[in-house]
Amino acid sequence: MARSATLPILALSGLVIGCGDVSAPDHLTAAGAGQNVNSCTPPATVSPPTGATHPILGATPVSLGGTPFAVAISPTGVTYVTQLSAATASRTNLPSTTFSAPFPVGPIPSQVRMSPDGKTAYVGDQDARTITYVDVATNQAFATATVPAGSILTVGVSPDGKRLYAPTDFHGVYIINATTREVEDSIPVTTTGTILVGIAFHPASPCVYISSRDQGTITTVDLRSKQVVQTFAVSGANIQNVAVSPDGATLFATDIQNSKLLVWDLTTGSPQALQYPVGSPVSRNAFDVAVTPDNTQVYVSALADGAVYVFDRSSRALIGTISTGGSPRYIGFSRSGDRAVIPNEAGWVSFSNVPDVCAAPPAGTSPSGTTHPTGTSNQATPLSGTPFAVAISPAGVTYVTQLLAASAARADLPSTSFSTSFAVGPTPLRCVMSPDGGTAYINDQDAHTITYVDVATNQAVGTAAVPAGSILTIGLSPDGKRLFALTDFNGVYVINTATRGVVDSIAGLGTILTGVAFHPTAPCMYVSSRDQGMVATVNLRTDAVVRSQTVAGSNIQELAVSRDGKLLFATDIGNSRLLVRDLTADGSPYTANAVGTPQSRNAFDVAVTPDNAQVYVSTLADGKLYVFDLSTRALIGQVATGGSPRFIWFDATGMTAVIPNETGWVNFVR
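About the criteria used
Residues numbered from 1 in each chain as written. Predicted model: local features only at pLDDT ≥ 70, side-chain atom pairs only at ≥ 80, totals over all residues. Heavy atoms only, no water. Helix = DSSP H or I, 4+ residues; strand = E, 2+ residues; numbered from the N terminus. Rg over C-alpha atoms; globule rule 2.2 N^0.38 Å. Contact = heavy atoms within 4.5 Å. Areas by Shrake-Rupley, 256 points an atom, 1.4 Å probe, with all protein chains shown as cover. Lys, Arg positive; Asp, Glu negative; His and termini not counted. Charge placed at Lys NZ, Arg CZ, Asp CG, Glu CD. Buried < 20%, exposed > 50% of the residue type's maximum accessible area, 1.4 Å probe, protein only. Pairing = 2+ DSSP bridges. Salt bridge = Lys/Arg side-chain N within 4 Å of Asp/Glu carboxyl O. Disulfide = S-S within 2.5 Å. Axes fitted to C-alpha atoms, helices over the stretch in contact; angles between N-to-C directions. Phe/Tyr/Trp six-rings, centres within 6.5 Å; stacked < 30°, edge-to-face > 60°.

Novice: Would you take a moment to explain the overall build of the chain for this structure?
Specialist: Helix and strand counts for the chain come out as two helices and 56 strands. Computed over its C-alpha atoms, the radius of gyration of the chain comes to 28 Å, within 12% of the 26 Å expected for a compact globule of 670 residues. C-alpha atoms of the chain, sized along the principal axes, occupy 90 × 50 × 45 Å. Summarising the internal contacts of the chain: among those between residues at least 6 apart in sequence, 48% fall at separations of at least 24. For the chain, the computed accessible surface area is about 22700 Å², with 52% contributed by carbon and sulfur atoms. Charge separation in the chain, taken as the distance between the mean sites of 35 positive and 44 negative side-chain charges, equals 1 Å.

Novice: Whenever I open this one, the environment of Ala485 confuses me. Can you help?
Specialist: Following the sequence through the fold, Ala485 ends up in strand β39 (residues 482-487). Overall, Ala485 belongs to the buried group, its relative accessible area being 0%. For the pair Ala485 and Ile495, spaced 10 residues apart in the sequence, the C-alpha separation amounts to 7.7 Å. Beyond its immediate stretch of four places on either side in the chain, Ala485 contacts Ile450, Val466, Ile471, Thr473, Ile474, Gly491, Val492, Tyr493 and Ile495.

Novice: Please clarify how the pairing of strand β32 (residues 407-412) should be interpreted in this entry.
Specialist: Buried residues dominate β32, accounting for five of its six residues. Of the strand pairs in this sheet, strand β31 (residues 397-402) and β32 are connected by six bridges, and their pairing is antiparallel. Note that in β32 the partner of Thr398 across the bridge is Ala411. The antiparallel hairpin formed by β31 and β32 contains four residues in its connecting segment, where Ala406 sits at a positive phi of about 55°.

Novice: Even after reading the chapter, I still don't get the pairing of strand β25 (residues 318-323), so can you show me in this structure?
Specialist: Two faces belong to every sheet, and in a regular strand the side chains alternate between them. The pairing of strand β24 (residues 307-312) with β25 spans five bridges and is classified as antiparallel. Looking across to β25, one finds that Val310 is bridged to Gly320. Between β24 and β25, which pair antiparallel in sequence order, lie five residues; one of them, Arg316, sits at a positive phi of approximately 65°.

Novice: Just checking my understanding: could you explain the pattern of salt bridges for this structure?
Specialist: Close approach of charged atoms allows side chains of opposite charge to pair. Under the criterion given, the structure shown has 11 salt bridges. A salt bridge links Glu184 to Arg163; its shortest N-O distance comes to 2.6 Å. Of this pair, Glu184 sits in strand β13 (residues 183-187) while Arg163 sits in strand β11 (residues 163-167); the two residues are 21 residues apart in sequence, bridging distant segments of the chain. Two residues, Asp531 and Arg530, come together in a salt bridge whose shortest N-O distance is 2.6 Å. Residue classification places Asp531 among the partly exposed residues on the basis of a relative accessible area of 44%. You can call Arg530 partly exposed: its relative accessible area is 27%.

Novice: Sorry, what's going on with the state of the cysteines here?
Specialist: Note: disulfide means a covalent bond formed between the sulfur atoms of two cysteine side chains. Summed over all chains, the structure comprises two disulfides. What pairs with Cys40 in a disulfide is Cys207, and their sulfur atoms sit 2.1 Å apart. Because the sign of the S-S torsion sets the handedness, a value of about -105° for the bond joining Cys40 and Cys207 places this disulfide among the left-handed ones. Note that Cys40 is positioned in the loop between α1 (7-12) and β1 (60-63) and Cys207 in strand β15 (residues 207-212), a separation of 167 residues in sequence. Comparing Cys40 with Cys207 shows no difference in burial state: the two are buried. The disulfide partner of Cys358 is Cys524, and the S-S distance across this bridge is 2.2 Å. With the S-S dihedral at roughly -100°, the linkage between Cys358 and Cys524 falls on the left-handed side. Here Cys358 is found in the loop between β28 (348-351) and β29 (378-382), whereas its partner Cys524 is found in strand β43 (residues 524-529), with 166 residues between them in sequence. Numbered by position along the chain, the disulfide-linked cysteines of the chain connect as 1-2, 3-4.

Novice: What is the right way to read the sheet that holds strand β42 (residues 513-518) from this model?
Specialist: Note on sheets: strands pair through backbone hydrogen bonds, and any given pair is parallel or antiparallel. Taken in spatial order, the four strands make up an open sheet running β42-β43-β44-β45, and their pairing is antiparallel. Each having just a single partner strand, β42 and β45 (544-550) make up the two edges of the open sheet. If you compare each strand with its neighbour and ignore which way they point, the axes differ by 20° on average. Pairing of β43 with strand β44 (residues 534-539), which is carried by six bridges, proceeds in the antiparallel orientation. Note on β44: the bridge partner recorded for Tyr526 is Thr537.

Novice: What is the right way to look at unusual backbone geometry in this model?
Specialist: In most cases, non-glycine residues show a negative phi, while peptide bonds are predominantly trans. The omega torsion across Thr41 and Pro42 is 0°, close enough to zero to call that bond cis. Mapped onto the elements, Pro42 comes out in the loop between α1 and β1. Cis peptide bonds are those with omega within 30 degrees of zero, and the linkage from Leu94 to Pro95 qualifies with 10°. On the secondary structure map, Pro95 appears in the loop between β4 (88-93) and β5 (103-104). Backbone geometry places Asn295, a non-glycine residue, at a positive phi of 70°. Tracing the backbone shows Asn295 in the loop between β22 (286-291) and β23 (297-302). Judged by its relative accessible area of 5%, Asn295 is buried. The phi dihedral of Arg633 falls on the positive side, at around 65°, and the residue is not glycine.

Novice: When you look at the sheet that holds strand β41 (residues 502-506) in this model, what are you seeing that I'm missing?
Specialist: Pairing within the open sheet is antiparallel, and its four strands lie in the order β38-β39-β40-β41. Two strands in the sheet have a free side with no partner beyond their single neighbour: β38 (471-476) and β41. Averaged over all pairs of adjacent strands, the angle between strand axes in this sheet comes to 25°, irrespective of strand direction. As judged from the four bridges shared by strand β40 (residues 492-496) and β41, these two strands associate in the antiparallel manner. Its bridge partner lying in β41, Val494 is registered against Asp504.

Novice: What should I look at first to understand the environment of Ala128 in this one?
Specialist: Inspection of the secondary structure puts Ala128 in the loop between β7 (120-125) and β8 (130-135). For the pair Ala128 and Pro107, spaced 21 residues apart in the sequence, the C-alpha separation amounts to 6.7 Å.

Novice: Explain the packing of aromatic side chains here, please?
Specialist: Two aromatic rings, taken as a pair, are described by how far apart their centres are and by the angle between their planes. Under the criterion given, the structure shown has 16 aromatic pairs. Taking 5.8 Å as the distance between ring centres and 80° as the angle between the ring planes, the aromatic pair formed by Tyr80 and Phe103 counts as edge-to-face. Placement of the pair is Tyr80 in strand β3 (residues 78-83) and Phe103 in strand β5, with a sequence separation of 23 residues. Phe103 sits in the buried class, given a relative accessible area of 4%.

Next up, the structure:
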């Protein structure tokens, strides 16, 4: 879906600017013993809300027109999303993700907040200098409050719900009585700075934090005196949005200019910010920041990356990436913390924890009548041209690509002799076989093509082409009707195998897409983004990314699903590890198992034996296959191949494994 053509112009000119979603608590929570709740330097700390949690990683998009922008969620789950270019807002009641018909709220509604009791929503109408009041009971706008001058860039609601705060572009902050709708005070621009885009309230002490974007500062204002009592500054930063942790100990902010997460320890009052990179190091990327209600995670939306990055709140380690596509703006959490709602200006709203067939597909049964190699035989057959990938038909027809020879060779199991090589296109990287064994598909990496090979004649008979990008690997749907071309920087192209035409594309998967695997019974595809250490789950019924998960510090190369659909296996080529996740539990973490020598560029491919008993991992540096018990992940064997073994494929019975070795031979393990 295309991004709004109007919005980037407004945003760059400083006209469309808001702040992160900050839910005001119902009341100030009692501070710990000896702490002064009346101080802002330092403020008190409190215990996070009991019973709160955080969402499972991943999100499902729901279409919404009018440039979805900001979000507010009441304690009971009433959710309002503003539609920036339509001068409207829409409502849903969680856990429902179905929106009401839009209703008018005023021009350029760039922010929305909810009263602590959930009865009134407040929408900032940016250049109209008004805040529209929405009656939640009737779902209708019923009044406005007006400020004397300036564009209202965001809106804040005091923790007791009695006052509204309207930060502006060049006129400081206006303070509005929420009941009378009259301006009763102000905080001058001389103390706050200009382009005031972010606002957050402390959960225990009478303090509000206001960011001045282009000056790179955050001012701490005492709510009783309306005076600035402290200023945090970051040289060279453009501070967009701010959030305070639920325990009141930490202040978070986004530096939209340098795509960073900024962090201050409020308990020490230190003006020095810790800085953490967020996604791509480009301007206009890191935008909103929000802390989960259980105080364990920090979400940061990234406009340019089309993603939300999830950090551990304590260590600030990246623990996950939610690929939303488009340009995600604000982040809202339900009161319990189990739901995240993220409007996206490209035309949809992402909801976490939405039931999906691929969220936790049930495990099936393992195939019967199959086995695995005994390891008693390991024959190496010479083959020139850098043997690389392999595919085997149900009848035992085996194709091996020759990477540097632009060719492939064929063997018919149980024979280990290869035919004369035949041309298949430049840089033949990966090979897959149709379910009926009639066609082999080989991707020609930088030619943007996939070569079709007729197994009956052993000849290339045609190609399918993609519009852009290098095809790093290919996958074939279990029914054989669609090819998936994974690229370096252009997502995944979906090709109709019969017509050879591109019929769809899938974005939001990251870059350098190297691994693909399919669930054996559910319509789910898994795609790895190597350098981002991320695995995305795609629902094949909609070709939409419904889940994604990052393993911090990893480089995820190849993927495989167990034959019963219960486990997902991945190789971490950066650290030579086998990563394993339980697919039947939505959002379950990966466990790591060491593979051979702990060095980069070692663990490469992973494959599950047809009887679902063993897992094979090839290692480039060690020149070995490591064999693990599938259930326990205990190392139960090694096969020395020498050289650099690449891909692994088993015949239909499971008796034979075929492993091309780029050094100049193919191993047949029985």
